[in-house]
Amino acid sequence: MSTQAAVSAGPALAVVLVVLVAVAAAVVIVARLGLGRDVVSASLRAVVQLSLVSLLITAVLRSWWTTAAFIALMFVVAAATSARRVSTLQLGWPVVLPIAAGALPVGGAVVSTGATPLRTIAVLPIAGILIGGAMTATSLAGRRLLDELRDRHGEYEAALALGLLPRDAALEVCRPVAGTALVPALDQTRTVGLVTLPGAFVGVLLGGGSVVQAGATQLLVLIALLAVEGIAVVVTLELVAGRWLRRPSLDP
C-alpha cells in the first residue's frame, strides 16, 4: 500500500515538474519581481542535489561516521546559505552561532531522551529538518533586523544620544520586529492537520507507519522546530545588536 501511495518517478513526473517550474518562473517574471532566474536555478539545483542524495544516501547511512560527516556538510551548507542571505560570506559567518545554538541542543535532546530511535536512518532526517529550520529562522531574522537597523538608523542614533549603550540602542530598534521570523513556524504549527499535512506525517505513512505514529512524529518535529527557531532568532538578535553580524554598508 505504501508503494502505491508514493510518488512515481517517471516521464509524467518530469513533465509536471517542468510545467510547474515554467509557471513559477513566468509568474515572477510577469510581476517583475526579478527572481525568474532564481526560480529556475533553484529548481535545477534541487533536481541535481536530490538525485545525488538519492544515490548516496544508502552508503551514507551504513555507518555513524558517514552519517555524521553528512550532517556536518548539511550544517556548512546551511551556514553558507544563511550568511549570503543576511550579508556576505565574509561578514555573515557569525550565522553559524544561531544555527548551531538552535539545532545542536534540541537535536541532542531529541535523540538522548529516546524520543526518536538511535539509528542513522532516523537521526539524519531529524538533523536535516532542525538545521534547515535554524537556517531559515536565522536568515529571516538577520535580514529583517539589519533592514530595520538601516531604515531606523535615526532612531538608533537618537537612543545613543540619550545615553544608551550601542547594544541597548540596537535592541530598542530591532527587538519589536525580531518575532516576525517565527511567523512561518507558528502558522505551520497552528494549522497542522487543518490546512497542511507536513512532510514528516506523510513520510511515516508512506513508510508503512500507523496514523498515530505519523502524528507523534510530526508533533515532535513541529515543537522541536519552534524551540530551534526561537533560539536561533534570539541569538541572531544579540549578534545584530552587538554588531557581530552586519553588512558592508553598516561598517563604521
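As a starting point, this report considers the structure included with it. Note that the structure is a prediction, hence the values are computed from the model and not measured.

Cut-offs applied
Residues numbered from 1 in each chain as written. Predicted model: local features only at pLDDT ≥ 70, side-chain atom pairs only at ≥ 80, totals over all residues. Heavy atoms only, no water. Helix = DSSP H or I, 4+ residues; strand = E, 2+ residues; numbered from the N terminus. Buried < 20%, exposed > 50% of the residue type's maximum accessible area, 1.4 Å probe, protein only. Contact = heavy atoms within 4.5 Å. 1 Å grid on protein atoms, 1.4 Å probe; cavity = no way out; pocket = protein on both sides within 12 Å on 5 of 7 lines; lining within 4 Å. Points joined across faces, edges and corners; volume = space filled by probe spheres on them. Nonpolar A, V, L, I, M, F, W, Y, C, P; charged D, E, K, R; others polar. Axes fitted to C-alpha atoms, helices over the stretch in contact; angles between N-to-C directions. Parallel < 35°, antiparallel > 145°, perpendicular 65-115°, else oblique. Left-handed = near helix turned anticlockwise from the far one by under 90°. Salt bridge = Lys/Arg side-chain N within 4 Å of Asp/Glu carboxyl O.

1. Focus: the environment of V192
Mapped onto the elements of the fold, V192 is located in the loop between helix 9 (183–191) and helix 10 (199–206). With relative accessibility at 29%, the residue V192 sits in the partly exposed group. Separated by 30 residues in the primary sequence, V192 and L222 place their C-alpha atoms 8.9 Å from one another.

2. Overview of unusual backbone geometry
A positive phi angle is found at R32, which is not glycine, with a value near 55 degrees. By the element assignment, R32 lies in the loop between helix 2 (11–30) and helix 3 (36–60). Phi angles above zero are rare outside glycine, and R243 is one such case at about 60 degrees. Here R243 lies in the segment after helix 11 (211–241).

3. Side note on the environment of R167
Mapped onto the secondary structure, R167 falls in helix 8 (residues 166–178). Under the relative-accessibility criterion, R167 is labelled partly exposed at 38%. Spatially, the C-alpha atoms of R167 and R243 are 7.9 Å apart, while their sequence positions differ by 76 residues. Non-local contacts of R167, meaning those with residues more than four positions away in its chain, are made with E238 and A241.

4. Concerning the layout of surface pockets
Reported here for the largest pocket is a volume of approximately 1,300 Å³. Contributing to the lining of the largest pocket are 31 residues, with R45, Q49, L50, V77 and M135 lying nearest its centre. Elements with a contribution of two residues or more to the lining of the largest pocket: helix 3, helix 4 (64–86), helix 6 (120–151) and helix 10. Broken down by element, the residue count for the lining of the largest pocket peaks at 11 residues, all from helix 3. Across the lining of the largest pocket, the residue classes tally to 20 nonpolar, 7 polar and 4 charged.

5. Some words on the packing of helix 4 against helix 5 (residues 96–112)
As a packed pair, helix 4 and helix 5 sit with axes 9 Å apart at the nearest point and diverge in direction by 135 degrees. The angle between helix 4 and helix 5 falls in the class oblique. The way helix 4 lies across helix 5 gives a crossing that is right-handed. Taking contact as the criterion, the partners of F75, A78, A79 and S82 in helix 4 are, on helix 5, V96, I99 and A100. Among the residues making up the contact of helix 4 with helix 5, the classes are represented as 6 nonpolar, 1 polar and no charged.

6. Considering empty space enclosed by the protein
Tallying each qualifying case throughout the model produces 1 cavity of 30 Å³ or more. There is about 40 Å³ of room inside the largest cavity. If you go around the largest cavity, the residues you meet are V110, I126, I129, L130, L220, V221 and A224. Looking at the lining of the largest cavity, its residues break down into 7 nonpolar, no polar and no charged.

7. Some remarks on the pattern of salt bridges
This structure, assessed with the given rule, holds 9 salt bridges. We note a salt bridge from R150 to D147, for which the minimum N-O separation is 3.5 Å. Within this pair, R150 and its partner D147 are both found in helix 6, separated by 3 residues, close to a single helical turn. The residue R150 makes a salt bridge to D151 at a minimum N-O spacing of 2.9 Å. Taking the relative accessible area as the measure of exposure, R150 reaches 45% and is therefore partly exposed. Exposure remark for D151: the relative accessible area of 55% places this residue in the exposed category.

Purely geometric numbers; function is a separate question.
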